[in-house]
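# Per-entry structural report
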Amino acid sequence: MKFKRQRSQEVGVDLTPLIDVVFLLLIFFMVSTTFTRENHLNIELPEASGERSEQQAEMIDVVINADGQYRLNNRVLVNNRRETLVRAVTELADGDASLPFIITADARTPHEFVVRAMDVAGSLGFASLSITTERQGESE
């Protein structure tokens, strides 16, 4: 009896479907990922002795980091020019100059940026101006 010899086929794995699946997963993760930019300013408060004041619900809170970047009520301003700060404070106060104006500046902030914020508060008629400090011995 004569048997036909079977041809030996090369055993291999087709990688095309695997590559397709990897690309689909990559596209899925790229589309579904949200890219958030951190808007937190790292500040180091200067120390002072005194009593804490009561905070009101509505206020103008200006935070200045060591680089002079302004943050107004948790909203970062696009630049640190005086005109931008005036426009943002005017929009936020909505003509109410009786709101407390609180300046929180990093201990390493150049004096120019703190004075600029104080000048804006004064020119817009804010009478209640406070500067935030850290009590001596409370630093981390």
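Below: a short report on this structure.

Conventions adopted
- All residue numbers refer to positions counted from 1 along the written sequence of the respective chain.
- Side-chain atom pairs in this predicted model are given and counted only at pLDDT of 80 or more, local residue features only at pLDDT of at least 70, and totals for whole chains, interfaces and linings cover all residues.
- In computing side-chain properties, one takes all heavy atoms of the structure into account and sets aside hydrogens as well as water.
- Two strands are counted as paired when DSSP detects at least two bridges linking them.
- Labels follow the DSSP assignment, with helices taken as runs of H or I lasting at least four residues and strands as runs of E lasting at least two, numbered in each case from the N terminus.
- Any pair of residues with heavy atoms lying within 4.5 Å of one another is described as a contacting pair.
- Helix axes are fitted to C-alpha atoms over the stretch in contact, other axes to C-alpha atoms as well, and angles between N-to-C directions run from 0 to 180 degrees.
- The span expected for a helix works out to 1.5 Å for each residue beyond the first.
- Accessibility here uses a 1.4 Å probe with only protein chains present; expressed as a share of the type maximum, an area under 20% marks a residue as buried, one over 50% as exposed, and anything in between as partly exposed.
- In this context, the arc is that of the directions from the helix axis out to the C-beta atoms.
- Assignment of crossover handedness uses the view with strands pointing away from the viewer, where a clockwise path from the first strand over the helix to the second indicates a right-handed crossover.
- Salt bridges are identified by distance alone: a Lys or Arg side-chain nitrogen within 4 Å of an Asp or Glu carboxyl oxygen.
- In this description, a nonpolar core means a group of buried Ala, Val, Leu, Ile, Met, Phe, Trp, Tyr and Cys residues linked to one another through side-chain atoms lying within 4.5 Å.
- Angle categories: roughly parallel below 35 degrees, roughly antiparallel above 145, roughly perpendicular from 65 to 115, and oblique for all the rest.
- Left-handed describes a crossing whose near helix is turned anticlockwise from the far helix by less than a right angle; the clockwise case is right-handed.
- In the scheme used here, Gly and all other residues not listed as nonpolar or charged are polar, with Ala, Val, Leu, Ile, Met, Phe, Trp, Tyr, Cys and Pro taken as nonpolar and Asp, Glu, Lys and Arg as charged.

Glancing now at the sheet that holds strand S5 (residues 101–105). Read from one edge of the open sheet, five strands run S4-S3-S2-S5-S6, paired in mixed fashion. Two strands lie at the open edges of the sheet, namely strand S4 (75–76) and strand S6 (129–132), each paired on one side alone. Pairing geometry for strand S2 (residues 60–64) and strand S3 (residues 70–72), over three bridges, is antiparallel. Residue pairing across strands places Val63 opposite Arg71, the latter belonging to S3. Packed on one face of the sheet, helix H2 (residues 82–93) meets S2, S3, S4 and S5 and runs near 10° to S3. Packed onto the sheet, helix H3 (residues 111–123) meets S2, S3, S5 and S6 and runs at close to 175° relative to S5.

Our next topic: H3. Side chains that are three or four residues apart share a direction in an α-helix, a result of its 3.6 residues per turn. Taking 1.5 Å of rise per residue, the 13 residues of H3 would be expected to cover 18 Å, and the 18 Å separating its terminal C-alpha atoms lies within 8% of that figure. Buried residues of H3: Phe113, Val114, Arg116, Ala117, Val120 and Ala121, and no others. Buried residues of H3 fall within an arc of 160° about the axis and therefore sit on the same side. The exposed residues of H3 that point more than 90 degrees off its buried face are His111 and Gly122.

If you check H2, its first and last C-alpha atoms are 16 Å apart, about what 12 residues at 1.5 Å a residue would give, namely 16 Å. Among the residues of H2, those classed as buried are Thr84, Leu85, Ala88, Val89 and Ala93. Down the axis of H2, the smallest arc covering the buried residues is 150°, so these residues share one side. Every exposed residue of H2 that faces more than 90 degrees away from the buried side is listed here: Arg87 and Glu91.

For S5 and S6, the ladder comprises four bridges, and the chain directions are parallel. The residue bridging Thr104 from the neighbouring strand is Thr132, located in S6. Considered for its hand, the β-α-β crossover made up of S5, H3 and S6 is right-handed.

The full count for this structure, using the stated rule, is five salt bridges. Of the charged contacts, one joins Glu91 and Arg75 as a salt bridge, the two residues approaching to 3.7 Å between their closest N and O atoms. In this pair, Glu91 sits in helix H2 while Arg75 sits in strand S4, placing the two residues 16 residues apart along the sequence. The class for Glu91 is exposed, based on a relative accessible area of 55%. When the shortest N-O distance is used, the salt bridge between Arg108 and Asp106 registers 3.2 Å. Overall, the relative accessible area of 4% leaves Asp106 in the buried class.

Next up on the list: the nonpolar core. Ranked by internal contacts, the top residues of the largest apolar core, which has 20 residues, are Ile60, Val62, Ile64, Tyr70, Val89, Phe101 and Phe126. Listed by contribution, the elements that provide at least two residues to this core are S2, S3, H2, S5 and H3. Top element by residues in this core is H3. It accounts for five residues. For Phe126, the residues in contact, after removing those within four places along its chain, are Ile60, Val89, Ala93, Asp96, Ala97, Leu99, Phe101 and Ala121.

This paragraph deals with the packing of H2 against H3. At a minimum axis separation of 10 Å, H2 and H3 run at an interaxial angle of 45°. With respect to each other, H2 and H3 are oriented oblique. Here H2 and H3 pass one another in a crossing that is right-handed. Touching Arg82, Leu85, Val86 and Val89 of H2 are Arg116, Ala117, Asp119, Val120 and Ser123, all from H3. Here the contact of H2 with H3 is composed, by residue class, of five nonpolar, one polar and three charged.

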